[in-house]
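Report on the structure
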Amino acid sequence: MSFFGFGQTADIEIVFDDADKRKVAEVKTDDGKKEKLLLYYDGETVSGKVNVTLRKPGSKLEHQGIKVELIGQIELFYDRGNHHEFISLVKELARPGDLLQHTSYPFEFANVEKPYEVYTGSNVRLRYFLRATIVRRLTDITKEVDIAVHTLCSYPDVLNSIKMEVGIEDCLHIEFEYNKSKYHLKDVIVGKIYFLLVRIKIKHMEISIIKRETTGSGPNTFTENETVAKYEIMDGAPVRGESIPIRVFLAGYDLTPTMRDINNKFSVRYYLNLVLMDTEDRRYFKQQEVILWRKSDKSRLPLHPHHPQTVSYQGHQSLRKQSVSSDDNSARATPSNPDPENVMQRSVSPSMPEKQNGPLQMEREKPEAFIDKLAGAHINENDTNDTSDEIEEPKPVEKLPVVEKPLIAEKPQIAEKPTLNRPEPAGSPSQ
């Protein structure tokens, strides 16, 4: 017996099968610290081994049975004596008897339903854990290991926006709008505030995210409000018709999904609180509830993926094939199985005029592509630019007779005009 420290005792270790491959998640503890736990989802199998190590080899350990349990429970801090279990699965590992050596017992809880997400708040804690127990007459030997559980949701991309007009009669009229009513934990809240009427002196405006935790029911209901984040979105007095944008990133905060009536014990809700303060430090606020949900990290491919780069590449290749050589064009003119993407591309492309040649027109619009085509093409001296469907052998072009340029007659030379001497009059005195 092990009374007063005499006798045999043992140590218990719980080892999970896929501990080295499974993701871990940070979970808040009772003292506010965070610990990393193995992450499981709803419907996943929890399996592993329970290793029992005897502290005194060679001495036997009497027991009344060995078992392992998977438990999900809710602890209310104001009623710590009562634990509310919503999952309790038991596997018997060994019947009553004696342990003579170190022993390992495998276990498996297949496809376990885990309806709620782990949570540690101000007045409540929801946890999942494995408990291995060696039942003895006086005191049992137990070992507990917690695991983390996340619940995933999926909402359509098209969500209804929140739009509301609030204010004080004849003093203040504002209209606020948020782009969605449901946000995942890594999302961005986008909105705007529009001032319709301003007759009070507003000093500044801020927006905050409030987490409201409600525990218990009836007269034993406790509500705890916690401000998760706070932003100042305006400083100064607004005027009528002014619009203030809002953009809040949720990824940097410790948020959980919205929880409503978890096992009729507690709820966790989130609100966007819009606060305006005037010069006399009076506060005007309006709260609007938003739903937060956890999105899966794995991205799913669409049912009909679209690859625009592949389509454009195939179209460019078809143009190059038409300009390589006449032999390749004749072999590829009538394909047996046309590519449906290319067919769809041709049906969408605009029609060319009859007088213009399509491929040549595109080559003129893109001189770089035309140079690339010439670099890979074999051009003969007698080839022509005919790109019609029927390709004929090139015919030599007849040379037109060159007409000689008529000789221009030389300009006739004009004879010099003879100089005439004027006769002197008779009887003029001689010099």
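Please read all numbers here as calculations on a predicted model, not as lab measurements. (Residues numbered from 1 in each chain as written. Predicted model: local features only at pLDDT ≥ 70, side-chain atom pairs only at ≥ 80, totals over all residues. Heavy atoms only, no water.)

Let us now look at the packing of aromatic side chains. Throughout the structure, instances matching the rule amount to seven aromatic pairs. Centroid distance phenylalanine 16 to tyrosine 40: 6.2 Å. Interplanar angle 50°. Geometry classified as tilted. Taken as a pair, phenylalanine 16 in strand β1 (residues 10-16) and tyrosine 40 in strand β3 (residues 34-41) lie far apart in primary sequence, 24 residues in all. This pair shows no difference in class: phenylalanine 16 is buried, exactly as tyrosine 40 is. Judged by centre distance (5.1 Å) and plane angle (70°), the ring pair of phenylalanine 86 and tyrosine 116 falls under edge-to-face. Taken together, the residues phenylalanine 86 in strand β7 (residues 83-94) and tyrosine 116 in the loop between β9 (103-109) and β10 (119-120) connect sequence positions 30 residues apart. Among the aromatic residues, those joined into a ring-pair cluster are Phe86, Tyr116 and Tyr128. (Phe/Tyr/Trp six-rings, centres within 6.5 Å; stacked < 30°, edge-to-face > 60°. Helix = DSSP H or I, 4+ residues; strand = E, 2+ residues; numbered from the N terminus. Buried < 20%, exposed > 50% of the residue type's maximum accessible area, 1.4 Å probe, protein only.)

The next thing to look at is the side chain of glutamate 117. Along the chain, glutamate 117 turns up in the loop between β9 and β10. Within the structure, the side chain of glutamate 117 is placed 2.5 Å from the side chain of arginine 294, a separation counted as a polar contact. Contact partners of glutamate 117, with chain neighbours within four places excluded, come to Leu126, Val149, His150, Thr151, Pro257, Met259 and Arg294. (Polar contact = N/O pair within 3.5 Å; in protein donor to acceptor, adjacent residues only side chain to side chain. Contact = heavy atoms within 4.5 Å.)

Among the structural elements, histidine 63 can be located in strand β5 (residues 61-63). For histidine 63, a relative accessible area of 4% gives the class buried. In this structure, the C-alpha to C-alpha distance between histidine 63 and arginine 95, residues 32 residues apart in sequence, is 8.5 Å. In this structure histidine 63 touches Ala94, Arg95, Pro96, Gly97, Asp98, Leu99, Ile134 and Val135, once residues within four positions along its chain are discounted. Among the polar contacts made by the side chain of histidine 63, one reaches the main-chain amide nitrogen of glycine 65 at a distance of 3.0 Å.

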